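Here is what each chain is made of, one letter per residue.
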Amino acid sequence: QHFMVNVSLVMGNSLPHGISHSLPYRIRYNDSSLTELGLTTSLDDDELQSIIRALPRNRTIQVVVLFDSFTSHVLQQPLQWKLFVEALASVQSLQQVELLETCVPLDSLQHLLQKPTLQTLAITDGVDLGSVTYTTIVELGAAVTKRDGSSASFLQEFVWECQFPTWENLLDPLLVAFTSLSKLKLVGLVDSSASK
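Residues numbered from 1 in each chain as written. Predicted model: local features only at pLDDT ≥ 70, side-chain atom pairs only at ≥ 80, totals over all residues. Heavy atoms only, no water.

Which parts of the structure should I look at to understand the overall build of the protein?
Helix and strand counts for the protein stand at 7 helices and 6 strands. Each helix and strand of the protein, ordered N terminal to C terminal, gives the series α-β-α-β-α-α-β-α-β-α-β-α-β. Residues counted as buried form 43% of the 196 residues belonging to the protein. Contacts in the protein between residues at least 24 apart in sequence constitute 74% of all its contacts with a sequence separation of at least 6. (Helix = DSSP H or I, 4+ residues; strand = E, 2+ residues; numbered from the N terminus. Buried < 20%, exposed > 50% of the residue type's maximum accessible area, 1.4 Å probe, protein only. Contact = heavy atoms within 4.5 Å.)

In structure tokens form, the structure reads like this:
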């Protein structure tokens with residue numbers, strides 16, 4: 001079932017009488033109608049902390065969509081963003097993460113790519129370019145492979161739209177790492193910069 005949240009207003013299928021409708025409660029206690037979570041607006045600190053604490057206990061959420069208004073607010077507190085990404089990566093059934101029109105640190109992607117159940121990671125117009133270096137691309141590639149070079153991931157789709165720096169062969173370590181992913185069906189690298 002499709003579920004989107006405007007965090008200030010929780011919508012979705014109604015729960016049995018007497019069960020809380022708060023988003024953290026639904027996450028923590030595995031509301032079966034909550035399989036897709038979209039965070040579209042900023043949260044106050046208490047709401048964010050409640051969601052961070054609830055996510056590791058969740059077994060129903062399969063798809064998470066994060067929008068700029070949410071991520072840019074959380075990124076104002078880098079430690080909170082780190083805790084949120086770690087909690088998100090601990091969701092047992094997580095299969096797809098989309099970061100839409102947002103700008104996140106590259107290490108956020110590394111952490112998500114290490115999630116064995118993740119099948120799709122899509123980033124549109126968003127990685128902090130200050131964090132994109134050859135070294136960080138090597139680290140990103142390492143996140144998808146085990147030490148013996150075999151696959152550490154079930155990743156099937158990776159889409160990254162960004163204003164890529166123009167360094168020659170910058171993405172090669174990531175592309176080489178992707179060759180170890182036997183289930184990979186789609187790699188989409190889109191340069192969104194105006195200049196060629």
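Which parts of the structure should I look at to understand the packing of helix α4 (residues 78-89) against helix α5 (residues 106-113)?
Relative orientation and spacing of two packed helices are given, respectively, by the angle between their axes and the distance between those axes. Put simply, α4 and α5 touch, their axes get as near as 9 Å, and they point 20° apart. What the angle tells us is that α4 and α5 run roughly parallel. At the point where α4 passes α5, the crossing takes the right-handed sense. Of the residues in α5, those in contact with Trp 81, Val 85, Glu 86, Leu 88 and Ala 89 of α4 are Ser 108, His 111 and Leu 112. Residue composition of the contact of α4 with α5, by class: 5 nonpolar, 2 polar and 1 charged. (Axes fitted to C-alpha atoms, helices over the stretch in contact; angles between N-to-C directions. Parallel < 35°, antiparallel > 145°, perpendicular 65-115°, else oblique. Left-handed = near helix turned anticlockwise from the far one by under 90°. Nonpolar A, V, L, I, M, F, W, Y, C, P; charged D, E, K, R; others polar.)

I keep staring at the environment of Val 144 and nothing clicks. Help me out?
Here Val 144 shows up in the loop between α6 (134-143) and β5 (157-162). By relative accessible area, Val 144 is classed as buried at 0%. As a C-alpha pair, Val 144 and Ser 180 span 36 residues in sequence and 8.3 Å in three-dimensional space.

Explain the pairing of strand β2 (residues 63-67) to me, please; I cannot follow it from the model alone.
Taken residue by residue, a regular strand's side chains alternate between the two faces of the sheet. The buried count for β2 comes to 4 of 5 residues, which makes it a mostly enclosed element. In the sheet, strand β1 (residues 36-39) pairs with β2 via 4 bridges, with the strands oriented parallel. Across the sheet, Leu 37 pairs through a bridge with Val 64, a residue of β2. Crossover connection from β1 via helix α2 (residues 45-54) to parallel β2: handedness right-handed. With 5 bridges connecting them, β2 and strand β3 (residues 96-100) associate as parallel partners. Residue pairing for β3: Val 65 is matched across the bridge by Glu 98. (Pairing = 2+ DSSP bridges. Right-handed = clockwise from strand over helix to strand, strands pointing away.)

Sorry if this is basic, but what is going on with the sheet that holds β5 here?
Pairing between the strands of a sheet is mediated by backbone hydrogen bonds and can be parallel or antiparallel. Taken in spatial order, the 6 strands make up an open sheet running β1-β2-β3-β4-β5-β6, and their pairing is parallel. In the strand order of this sheet, the two ends are held by β1 and β6 (186-191), each with one partner. Across the sheet, the mean angle from the axis of one strand to that of its neighbour is 5°, orientation sign disregarded.

Please clarify how the side chain of Arg 26 should be interpreted in this entry.
Structurally, Arg 26 can be placed in helix α1 (residues 23-28). You can call Arg 26 buried: its relative accessible area is 3%. A distance of 2.9 Å separates the side chain of Arg 26 from the side chain of Ser 33, its partner in a polar contact. (Polar contact = N/O pair within 3.5 Å; in protein donor to acceptor, adjacent residues only side chain to side chain.)

Looking at this model, I keep getting lost on the pairing of strand β4 (residues 120-124). Mind explaining?
Most of β4 sits inside the fold, with 4 of its 5 residues counted as buried. Following the chain from β3 across α5 to the adjacent parallel β4, one finds a crossover that is right-handed. Judged from the 4 bridges that link them, β4 and β5 form a sheet pairing that is parallel. Bridging across to β5, Thr 120 finds its partner in Glu 157.

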